Amino acid sequence: MNMIDLNELQLRGEKSFVTRRPLPPEKLDALSRNILAIKRKLNAVILAHNYQVPEIQDVADYVGDSLGLSQQAAATSAEVIVFCGVHFMAETAKILNPKKLVLLPDKDAGCSLEESCPADKLKALQDTNPNLYTIAYINCSAAVKALSDVICTSGNAVKIVNAAPRDRDLLFVPDENLGAWVMEQTGRKMTLWRGNCYAHVEFTHASIVRIRDQFPGAPLVAHPECTRAVRMLADEVCSTEKMVEYCRKSPATQIIIGTESGIIHRLRRECPEKTFIPAPTDNCRCNECRFMKMNTLEKLHDCMLNQFPSLELPEAILKRARLPIERMLEISARPIENAG
Ligand code: SF4
């Protein structure tokens, strides 16, 4: 067995081996201070996904998963929303706030799940069966959301699927792994779109067995975008926000984290006394999402300074895509027993 060095693994939570050069401390300080000053001037809120680089997380008003970020976007009174995540997340914020300026550090930060499900192909499938009820994971384009009955996140997918009408044929898009996990949890049969997260499917049964052998006392918490072969080795399968909760409550002092390594920064802040071990992959050091890591502190600064790039969507899409997102937020807010 190739032993994996814990120090090297832990570094992966703090810096990207693919895209990032660390900023000199004085530049980091100056940029962070400027960002906060521009934020006050614009009356802006900075929302950041758990997978963002540490220096972005550190200047954000809120760091969380897709569900938390949607809830924050729906509730904010700020005039400008600066969204540090990927494109579909900024779209969701715009759909919930059509009159507000929504800025994003890099307009090209996409997502393999979003790419896997083009709206025209989804429409063609829907046309084959008028009884389909389409549940779309939030990791999809605004055009796909506009074709869907309800949206879900990994944090509320079980609740949303449980609340789906019993007399309809359920179609789950675009993540086949999340969809399969939700079927296991709910017992509801669904047709699954064949899409996946390229970063989460890099974790394999073999790579997880190796790390578990190396740290036999450490529980594994994995994201439901992982394959079943990985999920079956996990002590807990949940969204990134629930991972934070799991790690806070777990008596374990070492925990293996089966998701994108950006979450490690948040976990270290929340639980400084614990050691988090990013789960390795088989072939590379790529337990990070190249799309999420396209955002940098410099790009965040520049997009706020120039108020560009901003997110624009056609009126018809804005209007139609809002309905399934609002339905998700409404079901999500129901007490568990009334979710059905
Ligand atoms: S981690 Fe996967 S699902 Fe999330 S943005 Fe990256 S490619 Fe998409």
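Scoring rules and cut-offs
Residues numbered from 1 in each chain as written. Predicted model: local features only at pLDDT ≥ 70, side-chain atom pairs only at ≥ 80, totals over all residues. Helix = DSSP H or I, 4+ residues; strand = E, 2+ residues; numbered from the N terminus. Buried ≥ 20, exposed ≤ 12 C-beta atoms within 10 Å, placed from the backbone. Contact = placed C-beta atoms within 7 Å. Near = placed C-beta within 6 Å. Nonpolar A, V, L, I, M, F, W, Y, C, P; charged D, E, K, R; others polar. Pairing = 2+ DSSP bridges. Axes fitted to C-alpha atoms, helices over the stretch in contact; angles between N-to-C directions. Core = buried A, V, L, I, M, F, W, Y, C linked by C-beta atoms within 7 Å. Right-handed = clockwise from strand over helix to strand, strands pointing away. Parallel < 35°, antiparallel > 145°, perpendicular 65-115°, else oblique. Left-handed = near helix turned anticlockwise from the far one by under 90°. pLDDT = per-residue confidence, 0-100.

## A short note on the overall build of the protein chain
Part 1: In terms of regular secondary structure, the protein chain is built from 16 helices and 12 strands.
Part 2: In terms of principal-axis extent, the alpha carbons of the protein chain reach across some 55 × 50 × 35 Å.
Part 3: Looking at the 340 residues of the protein chain, the share that counts as buried comes to 46%.
Part 4: In the protein chain, the proportion of contacts linking residues at least 24 apart, taken out of those at least 6 apart, comes to 68%.

## Observations regarding the site of the ligand
Part 1: Residues in contact with the ligand amount to 13 residues; listed here are only the nearest, Cys 111, Ser 112, Cys 197, Ala 199 and Cys 289.
Part 2: Within the shell around the ligand, the residues separate by chemical class into nine nonpolar, three polar and one charged.

## What about the sheet that holds strand E2 (residues 62–64)?
Part 1: Sheet architecture is open: four strands sit in the order E2-E1-E3-E4, paired in parallel fashion. Strands with a single pairing partner mark the edges of an open sheet, and in this sheet they are E2 and strand E4 (101–103). Each neighbouring strand pair of the sheet contributes to a mean axis angle of 20 degrees, computed without reference to strand direction.
Part 2: Relative to the sheet, helix H15 (residues 297–306) contacts strand E1 (44–49), strand E3 (80–84) and E4, its axis offset from that of E3 by approximately 160 degrees.

## Description of the sheet that holds strand E9 (residues 220–222)
Part 1: Spatially, E10-E9-E11-E12 is the arrangement adopted by the four strands of the open sheet, whose pairing is parallel. Strands with a single pairing partner mark the edges of an open sheet, and in this sheet they are strand E10 (236–237) and strand E12 (275–278).
Part 2: Here strand E11 (residues 254–258) pairs with E12 via four bridges, running parallel. Note that in E12 the partner of Ile 256 across the bridge is Ile 277.

## Remarks on the nonpolar core
Part 1: Counting 98 residues, the largest nonpolar core has Leu 47, Val 82, Phe 83, Ile 135, Val 173 and Ile 257 as the members making the most contacts within it.
Part 2: When residues no more than four places from it in sequence are discounted, the contact partners of Leu 47 are Ala 60, Asp 61, Tyr 62, Leu 69, Gln 72, Ala 73, Ile 81, Phe 83 and Cys 84.

## Some remarks on the pairing of strand E7 (residues 169–173)
Part 1: Of all five residues in E7, four are buried, a share of seventy percent or more.
Part 2: Direction of pairing for strand E5 (residues 132–137) relative to E7: parallel, over a ladder of five bridges. Bridging from a neighbouring strand, Ile 135 pairs with Phe 172 of E7.
Part 3: Inspection of the sheet shows E7 paired to strand E8 (residues 190–192) by three bridges, in the parallel sense. In the strand pairing of E8, Leu 170 is matched with Met 190.
Part 4: Regarding the hand of the β-α-β motif, the stretch spanning E7, helix H10 (residues 176–186) and E8 is right-handed.

## A few points about the packing of helix H4 (residues 66–75) against helix H5 (residues 87–96)
Part 1: Two numbers describe how H4 lies on H5: the axes approach to 9 Å, and their chain directions differ by 30 degrees. In terms of orientation, H4 lies roughly parallel with respect to H5. The handedness of the crossing between H4 and H5 is right-handed. Across the interface between the two elements, Ser 66, Leu 69, Ser 70, Ala 73 and Ala 74 of H4 pack against Met 89, Thr 92, Ala 93 and Leu 96 of H5.

## Section: the confidence of the model for the protein chain
Part 1: On average, the protein chain scores 93 in pLDDT, and the residues at 70 or more come to 92%.
Part 2: Every residue in residues 12–18 scores below 50 in pLDDT, and together they form 20 contacts with partners more than four places removed in sequence or on other chains.

## Here's the deal with helix H14 (residues 263–270)
One turn of the α-helix equals 3.6 residues, which is why residues spaced by three or four share an orientation.
Part 1: Of all the positions in H14, only Ile 263, Ile 264, His 265, Arg 266 and Leu 267 are classed as buried.
Part 2: If you follow the buried residues of H14, they end up packed against helix H3 (54–59), E2, helix H13 (240–249), E11 and E12.

## Observations regarding the environment of Arg 322
Part 1: Within the secondary structure, Arg 322 is located in helix H16 (residues 315–333).
Part 2: The partly exposed category is assigned to Arg 322, around which 17 C-beta atoms lie within 10 Å.
Part 3: For Arg 322 and Leu 96, which are 226 residues apart along the polypeptide, the C-alpha to C-alpha distance reads 6.5 Å.

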